[in-house]
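# Chains, contacts and geometry: an overview
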Amino acid sequence: MTGPPVVREGEMAQGDGTPAQTRRLLLRGSAGAVSRCRDFTARALADWGWIPAESPRARERVEDVLLLVSEVVTNACLHGGGPEEFVLRHADGLLRVEVADRSPEHPRRLAPRSPSLPGGHGLMVLDRLASDWGSTDRGPAATGKVVWLEVSRPSRPPWRRRPGDRT
């Protein structure tokens, strides 16, 4: 059985001359959407050099990205009528994640809840782990919104140990 179509397309060049990348995953329904988007993201991060992580901090950032993907896709499933499209954009060490859904209702913060209570903490996770996030209308031709977030890649270590180097 084949999955939904995946479109990969290069965009403008990054500062180092490599092309910026955009990857799209079309989603139909919520069944398995969270795990499919996490797997899709992990493959893209591996292609873009985020995985394998080169430091504990970089490994934590990859885990943060996968958690953020889970949060925004889960929210689209629970509150947005189901995700329709999942987009990753990567350029100059910045990852932008976008989830389009059918609901015109934008995310809004509710009254603070106790951290010990389950649920209702998704926007707090976005605030804490994403560099920036927000939502926009999909436009006049489509119903719904796009929830987006951005995460920067930790800077690479200033040195690299070569084979045969001693500590």
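Residues numbered from 1 in each chain as written. Predicted model: local features only at pLDDT ≥ 70, side-chain atom pairs only at ≥ 80, totals over all residues. Heavy atoms only, no water.

For the protein chain, the count of helices and strands is 3 helices and 6 strands. The order of α-helices and β-strands along the protein chain, N terminus first, is β-β-α-α-β-β-α-β-β. Out of the 167 residues belonging to the protein chain, those deemed buried represent 36%. Of the contacts formed within the protein chain by residues at least 6 apart in sequence, a portion of 56% connects residues at least 24 apart. Accessible area for the protein chain stands at about 10200 Å²; split by element, carbon and sulfur atoms hold 53% of it. (Helix = DSSP H or I, 4+ residues; strand = E, 2+ residues; numbered from the N terminus. Buried < 20%, exposed > 50% of the residue type's maximum accessible area, 1.4 Å probe, protein only. Contact = heavy atoms within 4.5 Å. Areas by Shrake-Rupley, 256 points an atom, 1.4 Å probe, with all protein chains shown as cover.)

Bringing the pairing of strand 6 (residues 145–152) into the picture now. Burial within strand 6 is extensive, with 7 of its 8 residues counted as buried. Relative to strand 6, strand 4 (residues 94–101) runs antiparallel, the two being bridged by 8 bridges. For Arg 96, the partnering residue across the bridge sits in strand 6 and is Glu 150. (Pairing = 2+ DSSP bridges.)

So, on to the nonpolar core. One finds Val 72, Val 73, Phe 86, Leu 88, Leu 95, Val 97 and Leu 149 to be the most contacted residues of the largest nonpolar core, which totals 30 residues. Those elements giving two or more residues to this core turn out to be helix 1 (33–47), helix 2 (56–79), strand 3 (83–91), strand 4, helix 3 (122–129) and strand 6. Sorting elements by how many residues they give to this core places helix 2 first, with 8 residues. Excluding its chain neighbours within four sequence positions, the residues that come into contact with Val 72 are Val 97, Val 99, Leu 126, Val 147 and Leu 149. (Core = buried A, V, L, I, M, F, W, Y, C linked by side-chain atoms within 4.5 Å.)

With 24 residues, helix 2 should cover 34 Å at 1.5 Å per step; its first-to-last C-alpha distance of 34 Å lies within 8% of that length. Considered for burial, the residues of helix 2 that qualify are Ala 58, Arg 61, Val 62, Val 65, Leu 66, Leu 68, Val 69, Ser 70, Val 72, Val 73 and Ala 76. Following helix 2 by one or two positions, Gly 81 has its phi on the positive side, about 75 degrees. (Expected span 1.5 Å × (residues − 1).)

The residue Thr 41 is located in helix 1 in this model. Relative accessible area serves as the criterion here: at 0%, Thr 41 is assigned to the buried category. If we ignore the near neighbours within four places in the chain, the residues touching Thr 41 are Val 65, Leu 66, Val 69, Phe 86 and Leu 88.

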